[in-house]
Amino acid sequence: MDGIRRRWFRYLTGTMAVVVLAAAALILYELWAGSLPTWREWGLSFIWRTEWDPVRGEFGALPFIVGTMLTSGMALLIALPVSLGIAILLTEYAPRVLRDPLIFIVELLAAVPSVVFGLWGIFVLAPVVQQHVMPFVAGSPLGLLPIFGEPGPGYTLFTASLILAIMIIPIIASLSREVLMTVPREQKEGALALGATRWEAMRHVVLSYAKPGLFSAAVLGLGRALGETMATTMTIGNRLGLTFDYFESGNSMTAIIANELREAASEIHVSSLMAIGLVLFLLSFVLNTLGRLIVMRVHTGAA
Amino acid sequence: MTGADGRFGRVARFATIAIVLAGLAGCGGDGEGSTRGAMLTGAGATFAMPLITLWSSQYEAVEGRRVNYNSIGSGGGIRAHIDGTVDFAATEAPLTVEQFQRAEGTLTIPFTIGTVTLAYNIPGVDELRFSGEVLAEIFLGEITRWNHPQLQELNPDAQLPDQRIVVVHRSDGSGTTYVFTDYLTKVSEAWADRVGYSTSVAWPVGIGGNGNEGVGGAIRNNPHSLGYVELSYVNSLGLPTAAIRNRAGNFVQPTLEAGTAAAAASVDELPAGHESWHEVSFTDPEAADAYPISSFSYYLVYEELGRAGDRMTRQRAENIVRWLEWSVTEGQQYNNDVENAALPESVRQLNLETLDRIRFNGEQVRTW
């Protein structure tokens, strides 16, 4: 009796695992099948075409891919040092009394719904960015970089990047904290015993030991930024057309799908949105796999 | 699922499942000895949701039958209609030639009139007038400043500032965009050449806001901005609206009466309910008191309801027709509550003729 029950349970859990896999495979298949007309029409050149004109049936993914890359990249650039700081503070410096509440607060940030971030972006961040941040950056030496043009309205690639940065900080920070905790105590104490200062021990021993893990934390944070839809759509400006200028309204892969799928009437329009979905799916898939693989290597290495 | 239908239907499938589930849930709750599927289901335009929701509660009070409407967007409504998963669909844009061919036997029934306003935010200016050509040039990015000579000529009394015009448009695909760009296409050759009309277009300039609220919010947050917003939203947003010069040369404010007047002027050109309505548009009409940017929203329903198979019964077919009839006649009085314009009398008559065409397994349904 017990044996049957046990086997039954094993089948049950096995089925559930397969269901998840099958769902992922089905999504991939549906995206592929749904986007076939687009691939037939333009082939791979769809990826670097820059027009997007539903009236004339001209579609290309490049502006959206670039928009996603620029915002996610900038978000990571901003979020990484902040998250790392939080993680180091939590593992090395914070007294026990402060540590648990701090961890709690950081993780709470991850639980805020993205639409709330979006609303905050519209009503608070966008005006501040427009009136203060963009003029300041444009006036500083950074403003000489070609990626910062003349400050435009509040809804820009830059605003979206800031929102994304705030959204991925909790993820990167908590993953980094876990990675830092896997650093063997002996290593650090060894360094301190050899006369290294706390800073030197941190820099040369702890961080270099944890480097692959931190890298994968960053990759997973990036994956989250790539797929974020609501907050991005609400703050990015949703302008069609290719731009590399952070101070200009732009668009992202998620935003264009969220914006246009509902009312897309022609088949090629729907199929092009599906094609963008497919590209996004593959991109996130590759990035996440990469991140997980590195985490796995760290864990087996540490064991 | 075969060929093109399969591909096209795929997107609608989620929505369809949701609608079917909602429909089933509705049946469960409908206790009074009714047969399965007593609740009618419709899907489509978000713009129509406030009106249809109001209608369905009024209708339930009068007739005791419920109507469940899913506002999944006009595009989704059209797909659901083509797939045959709803009793009726609602859309702001009429079926295209291609869609009409795929949904053979579709009847098109206008049920309300939506009006698109030009809302603006210029500190110190509370009266503003446009002509269609100037609007097109602003949205093309050719007129970029408020104190442009052409704008000053139209508004001799206003103190127009020397400021950049912040153009705001919808970022999501929408029937509102369809109507507005349809108008610009009619009044400006340059617009017709470079942009055209659709539910989403490649805007030459401007920032995108999501939904009427998004556009309204962007206008409110950005001084010196201009955008287009559905009339039913503009009052709650507290934004002033511009008067537009119509074809007769009069400057007309967007009002419900001016919308109805525009529709009434177009009646002679309307096709019969079973014909294709793809060319129907009464933006930029001739009538002297008509506001130039408004349009019908349409019900889509099949002429032969028996095609739905087991789902359909004679009783259900009658319920559908009664609901459609009620909403295009009695129901019209509720238009004002949601700031839509009511159908002119002549269009109501046309609709009744269309409803007379509806059949169930070959027999006329509306025999009352």
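Rules used in this analysis
Residues numbered from 1 in each chain as written. Chains lettered and ligands numbered in written order. Predicted model: local features only at pLDDT ≥ 70, side-chain atom pairs only at ≥ 80, totals over all residues. Heavy atoms only, no water. Helix = DSSP H or I, 4+ residues; strand = E, 2+ residues; numbered from the N terminus. Contact = heavy atoms within 4.5 Å. Areas by Shrake-Rupley, 256 points an atom, 1.4 Å probe, with all protein chains shown as cover. Lys, Arg positive; Asp, Glu negative; His and termini not counted. Charge placed at Lys NZ, Arg CZ, Asp CG, Glu CD. Buried area = accessible area lost by both parts, 1.4 Å probe. Salt bridge = Lys/Arg side-chain N within 4 Å of Asp/Glu carboxyl O. Polar contact = N/O pair within 3.5 Å; in protein donor to acceptor, adjacent residues only side chain to side chain. Nonpolar A, V, L, I, M, F, W, Y, C, P; charged D, E, K, R; others polar. Pairing = 2+ DSSP bridges. Axes fitted to C-alpha atoms, helices over the stretch in contact; angles between N-to-C directions. pLDDT = per-residue confidence, 0-100. Parallel < 35°, antiparallel > 145°, perpendicular 65-115°, else oblique. Left-handed = near helix turned anticlockwise from the far one by under 90°. Phe/Tyr/Trp six-rings, centres within 6.5 Å; stacked < 30°, edge-to-face > 60°. Buried < 20%, exposed > 50% of the residue type's maximum accessible area, 1.4 Å probe, protein only. Lys NZ or Arg CZ within 6 Å of the ring centre and 35° of its normal. Domains from an automatic or database assignment.

**Some thoughts on the overall build of chain A**
Along chain A, the regular secondary structure elements total ten helices and two strands. Mapped in sequence order, the helices and strands of chain A form the string α-β-β-α-α-α-α-α-α-α-α-α. The C-alpha extent of chain A, read off along each of the three principal axes, is 75 × 70 × 30 Å. Excluding contacts between residues fewer than 6 apart, the proportion of contacts in chain A whose partners are at least 24 apart in sequence is 74%. For chain A, the exposed area adds up to about 15400 Å²; of that, 70% sits on carbon and sulfur atoms. Of the side chains in chain A, 20 bear a positive and 20 a negative charge, and the two mean positions are spaced by 13 Å.

**Considering the interface of chain B and chain A**
Interfaces are often sized by the amount of accessible area the parts lose when they come together. With 39 residues of chain B in contact, the opposing surface of chain A contributes 32 residues. Across the chain B to chain A interface the summed buried area is about 2700 Å²; carbon plus sulfur atoms make up 46%. Seen at the junction of chain B and chain A, the total is zero salt bridges. Our count for the chain B to chain A interface comes out at eleven residue pairs in polar contact (both at pLDDT 80 or more). For the side of chain B that touches chain A, the elements supplying multiple residues, two or more each, are helix H1 (3–29), helix H3 (74–83), helix H8 (189–194), strand E7 (207–209) and helix H9 (211–221) of chain B. It is H1(B) that contributes the most residues to the side of chain B that touches chain A, six residues altogether. Grouping the amino acids of the side of chain B that touches chain A by side-chain chemistry returns twelve nonpolar, 20 polar and seven charged.

**Here we look at the sheet that holds strand E9 (residues 243–245) of chain B**
Residues and elements named next belong to chain B. An order of E5-E9-E10 is seen for the three strands of this open sheet, with the pairing classed as mixed. Both edges of this open sheet fall to strand E5 (129–130) and strand E10 (251–252), since each of them pairs with a single strand only. Here E5 runs beside E9; their pairing, made up of two bridges, is parallel. Bridge pairing links phenylalanine 130 to isoleucine 244 in E9.

**Focus on the sheet that holds strand E11 (residues 294–302) of chain B**
All names here are of chain B. Taken together, eight strands build an open sheet; the order of strands is E2-E1-E3-E11-E4-E8-E6-E7 and the sheet is mixed. Each edge of the open sheet carries a strand with a single partner, namely strand E2 (67–70) and E7. Strand-to-strand, the axes of this sheet are offset by a mean angle of 25 degrees, without reference to chain direction. Taken strand by strand, helix H5 (residues 132–140) contacts strand E4 (106–121), strand E6 (166–170) and strand E8 (225–230), and its axis lies near 110 degrees from that of E8. The strands touched by H9 are E4, E6, E7 and E8; relative to E8, the strand with the most contacts, the crossing angle is about 155 degrees.

**Focus: the confidence of the model for chain B**
All names here are of chain B. Of the residues in chain B, 90% have a pLDDT of 70 or more, and the chain-wide mean is 87. Of the regions scoring below 50 in pLDDT, residues 1–12 engages in 25 contacts with residues more than four places distant in sequence or in other chains. Low pLDDT, under 50, characterises residues 14–36; the stretch is placed with 18 contacts to residues that sit more than four places away or in other chains. With a pTM of 0.79, the predicted complex shows an ipTM of 0.73.

**Concerning unusual backbone geometry**
Residue and element names in this part refer to chain B. In this structure, aspartate 284 takes a positive phi of about 50 degrees despite not being glycine. As for its position among the elements, aspartate 284 is in the loop between helix H11 (256–266) and E11. Located in the positive-phi region is asparagine 361, a residue other than glycine, with phi close to 45 degrees. Tracing the backbone shows asparagine 361 in the loop between strand E12 (359–360) and strand E13 (363–364).

**Description of the packing of helix H4 (residues 114–139) of chain A against helix H5 (residues 157–181) of chain A**
Angle between the axes and distance between the axes: these two values describe a pair of packed helices. Residue and element names in this part refer to chain A. One way to put it is that H4 packs onto H5 with a least axis distance of 9 Å and a crossing angle of 130 degrees. Comparing their axes, H5 and H4 come out oblique. For the pair H4 and H5, the sense of crossing is right-handed. Between H4 and H5, the residues in contact are Ser114, Phe117, Trp120, Gly121, Leu125, Ala126, Val129, Val133 and Met134 and Phe158, Thr159, Leu162, Ile163, Ile166 and Met167, respectively. Across the contact of H4 with H5, the residue classes break down as twelve nonpolar, three polar and no charged.

**Digging into the environment of Gly42(B)**
Residues and elements named next belong to chain B. Note that glycine 42 resides in strand E1 (residues 40–44). Between the alpha carbons of glycine 42 and serine 294 there is a distance of 23 Å; along the sequence they are 252 residues apart. If near-sequence neighbours (up to four positions away) are discounted, glycine 42 is found in contact with Asn68, Tyr69, Asn70, Val86 and Phe88.

**Brief notes about the packing of H5(A) against helix H7 (residues 198–227) of chain A**
Residues and elements named next belong to chain A. The contact between H5 and H7 brings their axes to 8 Å, and the two run at 150 degrees. On the basis of the axis angle, H5 is roughly antiparallel to H7. Crossing hand, H5 versus H7: right-handed. On H7, the residues touching Leu164, Met167, Ile168, Ile171, Ile172, Leu175, Ser176, Val179 and Leu180 of H5 are Val206, Leu207, Ala210, Gly213, Leu214, Ala217, Ala218, Leu220, Gly221, Arg224 and Ala225. The class makeup of the residues in the contact of H5 with H7 is 16 nonpolar, three polar and one charged.

**A few points about the packing of aromatic side chains**
Evaluation of the coordinates by the stated rule reveals 31 aromatic pairs over all chains. Each ring, one from Phe148(A) and one from Tyr246(A), has its centre 5.9 Å from the other, and the planes form 40 degrees; the classification is tilted. Here the residue Phe148(A) occupies a position in the loop between H4 and H5, and Tyr246(A) occupies one in the loop between helix H8 (230–235) and helix H9 (253–260), the gap between them amounting to 98 residues. This pair shows no difference in class: Phe148(A) is buried, exactly as Tyr246(A) is. Between the aromatic rings of Trp55(B) and Trp323(B), the centroid separation amounts to 6.3 Å while the plane-to-plane angle is 80 degrees, which identifies the pairing as edge-to-face. Here Trp55(B), found in helix H2 (residues 49–63), pairs with Trp323(B), found in helix H12 (residues 314–328); they are 268 residues apart in sequence, far enough to count as distant. One exposure class covers both Trp55(B) and Trp323(B), and it is buried. One cation-aromatic arrangement involves Arg129(B) over Phe251(B); the distance from NZ or CZ to the ring centre is 4.1 Å. Positioned above the aromatic ring of Trp368(B), the side-chain terminus of Arg322(B) is 4.0 Å from the ring centre.

**Remarks on the domain arrangement of chain B**
Residue and element names in this part refer to chain B. Domain assignment breaks chain B into domain 1 (5–114 + 264–364) and domain 2 (116–255). The centre of domain 1, based on its C-alpha atoms, is set 30 Å off from the matching centre of domain 2. Residue-level contacts link 23 residues of domain 1 with 25 residues of domain 2. When the buried surface of domain 1 facing domain 2 is broken down by residue, Asp284, Tyr291 and Ile293 rank first, second and third, together holding 33% of it. Where domain 1 meets domain 2, there are two salt bridges.

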